Amino acid sequence: MKYALILAAAALVAAPAGADGDPIAGQKLFETCRGCHSVPSYTNAFPNYHVPKVGGQHAGRVVAALTAYKAGERGHPTMHAQAASLSDQDIQDLAAYVAAAGAEPHGNAPTVAAPEKAAVCAACHGQDGNSPSPEFPILAGQHRDYLMQALRQYHAGSRSNPIMGPQAKQLSEQEMRELAAYFAAQPSPLSIVE
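A. Structural view of the side chain of Gln142. By the element assignment, Gln142 lies in the loop between α7 (118-125) and α8 (144-156). For Gln142, a relative accessible area of 5% puts it in the buried group. If we skip the residues at most four places from it in the chain, Gln142 touches Pro52, Lys53, Leu147, Ala184 and Leu190.

B. Representation of helix α6 (residues 88-100) in the model. In this model, α6 (13 residues) spans 19 Å end to end at C-alpha, consistent with the 18 Å of a helix rising 1.5 Å per residue. Residues Asp90, Ile91, Gln92, Asp93, Leu94, Ala95, Ala96, Tyr97 and Val98 constitute the buried set of α6. For α6, the elements touching its buried residues are α2 (23-29), α3 (34-37) and α4 (59-71).

C. Focus on unusual backbone geometry. In this structure, Ser41 takes a positive phi of about 60° despite not being glycine. Of note, Ser41 is situated in the loop between α3 and α4.

D. Seen up close, the packing of aromatic side chains. Applying the stated rule across the entire model yields three aromatic pairs. Geometrically, the ring pair formed by Phe30 and Tyr97 is tilted, given 5.6 Å between the ring centres and 55° between the ring planes. In this pair, Phe30 is assigned in the loop between α2 and α3 and Tyr97 in helix α6, connecting sequence segments 67 residues apart. Taken individually, Phe30 and Tyr97 each receive the classification buried, so the pair is uniform in this respect. In this arrangement the basic side chain of Arg74 is found over the ring face of Tyr69, its NZ or CZ atom lying 5.4 Å from the centre.

Cut-offs applied
Residues numbered from 1 in each chain as written. Predicted model: local features only at pLDDT ≥ 70, side-chain atom pairs only at ≥ 80, totals over all residues. Heavy atoms only, no water. Helix = DSSP H or I, 4+ residues; strand = E, 2+ residues; numbered from the N terminus. Buried < 20%, exposed > 50% of the residue type's maximum accessible area, 1.4 Å probe, protein only. Contact = heavy atoms within 4.5 Å. Expected span 1.5 Å × (residues − 1). Phe/Tyr/Trp six-rings, centres within 6.5 Å; stacked < 30°, edge-to-face > 60°. Lys NZ or Arg CZ within 6 Å of the ring centre and 35° of its normal.

This is the structure we're talking about:
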């Protein structure tokens, strides 16, 4: 019953399934993004965590993230400045390019056992973090410290989402660490954008 309620709520707030963008135009726009999102293991200066892998992420999730940065709903000064100059069509174009820039799922067989709380995450993100639905982001293979940063922001309320906020508030620091380690260890199509 609990998972059915989560899925029903998720359907009400899901982002668009894809991007109606031009990946060729998006590739040109991505040039300003390369300094961070095309550098292997590049880290954010403060707080210190790896810049997320965006290649292969669902286009709708890229649109949702850039729109949130543009509106100031996600706190990151550099991303806000970058997104603020983008039109809605620019965001669609970037999302189309980034989504197409992924790789075949890669990674070793995970050695991290699924924590108990992963079952709740599976309702939206898939059992292994490779969300089968374009409405929800792929977590598999993402940098562990980036996943921790996102969970901490949801937990603190500095990053808002009507599903993730309440879910993260129920997690202890240890449970967040376990979830981040588990999803980061899963084979994934996510990559830096070359």
